[in-house]
Amino acid sequence: MNITVIGTGYVGLVSGTCFSEMGNNVTCVDIDTTKITNLKKGILPIYEPGLESMVLKNVEAGNLHFTTKLDEAMANSEIVFIAVGTPMGDDGSADLQYVQAVAKSIGEVVDKQIVVVDKSTVPVGTADKVRETIQTALDKRKLSIPFDVVSNPEFLKEGAAIQDFMKPDRVVIGADNDFAIEKMKQLYVPFNMSHDRFIVMDVRSAEMTKYAANAMLATKISFMNEIANICEKVGADANQVRIGIGSDSRIGYSFIYPGCGYGGSCFPKDVKALKKIASEYNYEAKIITSVEEVNDAQKLVIATKVVARFGEDLTGKTFGIWGLAFKPGTDDMREAPAIYVIKELVKRGAKIQAYDPKAVEEAQNCYLKDVENVSYVNSKYQAIENADALILLTEWKEFRSPDFDEIKTQLKTPVIFDGRNQYHMFNLAAKGFEYYQIGR
Ligand SMILES: NC(=O)c1ccc[n+]([C@@H]2O[C@H](COP(=O)([O-])OP(=O)(O)OC[C@H]3O[C@@H](n4cnc5c(N)ncnc54)[C@H](O)[C@@H]3O)[C@@H](O)[C@H]2O)c1
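Quick look at the structure, then. (Residues numbered from 1 in each chain as written. Predicted model: local features only at pLDDT ≥ 70, side-chain atom pairs only at ≥ 80, totals over all residues. Heavy atoms only, no water.)

**A short note on the overall build of the chain**
The number of helices and strands found in the chain is 17 helices and 14 strands. Whereas a compact globule of 440 residues would reach a radius of gyration of roughly 22 Å, the chain reaches 24 Å, a difference of no more than 12%. Taken along the three principal axes of its C-alpha coordinates, the chain extends 75 × 45 × 45 Å. A total of 440 residues make up the chain; the buried ones form 53% of that total. The contacts in the chain between residues at least 6 apart in sequence include a share of 73% that link residues at least 24 apart. Surface summary for the chain: the accessible area is close to 19600 Å², and the carbon and sulfur share equals 50%. With 50 positive and 59 negative side-chain charges, the chain shows a separation of 2 Å between the mean positions of the two kinds. (Helix = DSSP H or I, 4+ residues; strand = E, 2+ residues; numbered from the N terminus. Rg over C-alpha atoms; globule rule 2.2 N^0.38 Å. Buried < 20%, exposed > 50% of the residue type's maximum accessible area, 1.4 Å probe, protein only. Contact = heavy atoms within 4.5 Å. Areas by Shrake-Rupley, 256 points an atom, 1.4 Å probe, with all protein chains shown as cover. Lys, Arg positive; Asp, Glu negative; His and termini not counted. Charge placed at Lys NZ, Arg CZ, Asp CG, Glu CD.)

Rendered as structure tokens:
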């Protein structure tokens, strides 16, 4: 099939590449000329395990193309994906300006029947708006071209995006006619070989499914963090409680690890957007509001522990940070707890030595660009050289089983703040460390 994917971010580039891997002819479009120029040279704008080699292979095979010109991309396309960003607007709603700009451009260049697919996470009712925008552009051109607008929300996880896309738990298709449903099924059949993973529903339910899924996962995280905070007060151990409740198959082990809060490009903005959607329909989303409040506070729990140990004024103190990305396997720092922790410590006079396997550039050039007293190093042990404490904020695999003797040698004082509860099984007290974790 000939496909166009508009937006070459985490979702667009992964989706386009995976479709091309299955033998489709895919053209990825972006307005960012630097991104497209680099992609043409084989330089990727993001880090995602396995993506680079798959892009290079399919470009070489002639299945995957990059352009800034939508008309060129859409010349032979039967399906056009919208995978542009829907960032948080000032009032917390999803900002649809990029989606709508793309819809207008599609209407301005389309010249034969197409299926337009909303892959971006968009509020309920957006497909109707996209349809209207395309139709208005067609009316201006005095053309009558049939088209469908389908919702196909994406559930991939950064850090495991290729795996998730190639073997999805489900493929949700929100559509209102058989032609569009069949087209989508044809495209996704290669991703559903072992069993049928299609879930077909109406468009609004598909749009809502994405928000409900992210809100449910964020709720599990905030719930467990709240339990961890109560554990600290009552003298219980959140790690033991986690195992105690996770063993119940109705609860399960996933997404109940106590930590320093969720970040990333999706949960924070989608939780906020869902709250806003509800309020627009005069419904106050109480659980969702609390999920967000608990998470905002949780991002600073580690900083609070640092202050409790070292005092309000951190002048003259240096902290070694392990992990900047919002989670392992990605260079994405959007809403990462590290941003909040580092700013809080620096505000109190501390110096920071930070290390992350992939996100240092993002921190330096964007998220911590204007924050003074932060230096970046090339290895985890360099980050703790002469530091007053180690603070773990992202659970990269290379941090999981470190050399604790080396940590002790490098640190000025043997203090570890574990924002991801990675070391609670190591009996660090017996190794001579002061060990601070979440929920204990
Ligand atoms: N990142 C994730 O893990 C993830 C997972 C599931 C769903 N989503 C959703 O998918 C959507 C995209 O997310 P992302 O993380 O890939 O975003 P991103 O910010 O990484 O990428 C968006 C891309 O769209 C491009 N773009 C913007 N306007 C354009 C236009 N008019 N024409 C062509 N390109 C344009 C930008 O230049 C950018 O490269 C969002 O709605 C997001 O909520 C993201």
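**Here we look at the side chain of Arg 197**
Within the element layout of this structure, Arg 197 appears in the loop between helix 8 (178-188) and strand 8 (198-201). No salt bridge is formed by the buried Arg 197, whose closest oppositely charged neighbour, Asp 169, lies at an N-O distance of 6.2 Å. At 2.9 Å, the side chain of Arg 197 forms a polar contact with the backbone oxygen of Pro 168. Discounting residues that sit within four places of it in the chain, Arg 197 has contacts with Pro 168, Asp 169, Arg 170, Val 171, Phe 191 and Asn 192. (Salt bridge = Lys/Arg side-chain N within 4 Å of Asp/Glu carboxyl O. Polar contact = N/O pair within 3.5 Å; in protein donor to acceptor, adjacent residues only side chain to side chain.)

**What about the pattern of salt bridges?**
Taken as a whole and assessed by the stated rule, the structure comprises 26 salt bridges. When the shortest N-O distance is used, the salt bridge between Lys 157 and Asp 164 registers 3.1 Å. Here Arg 348 makes a salt bridge to Glu 312, at a shortest N to O gap of 2.7 Å. Of this pair, Arg 348 sits in the loop between helix 14 (337-347) and strand 10 (351-355) while Glu 312 is found in the loop between helix 13 (301-310) and strand 9 (318-322), placing the two residues 36 residues apart along the sequence. You can call Glu 312 exposed: its relative accessible area is 56%. Each of Asp 128, Arg 131, Asp 176 and Arg 204 takes part in a single network of salt bridges with overlapping partners.

**Details of the sheet that holds strand 9**
In space, the 6 strands of this open sheet follow the order 11-10-9-12-13-14, with parallel pairing throughout. Here the strands that pair on one side only, and so sit at the sheet edges, are strand 11 (374-376) and strand 14 (434-437). Averaged over all neighbouring strand pairs, the angle between strand axes comes to 20°, with direction disregarded. For strand 9 and strand 10, the ladder comprises 5 bridges, and the chain directions are parallel. (Pairing = 2+ DSSP bridges. Axes fitted to C-alpha atoms, helices over the stretch in contact; angles between N-to-C directions.)

Scope: geometric values only; no functional claims are made or implied.
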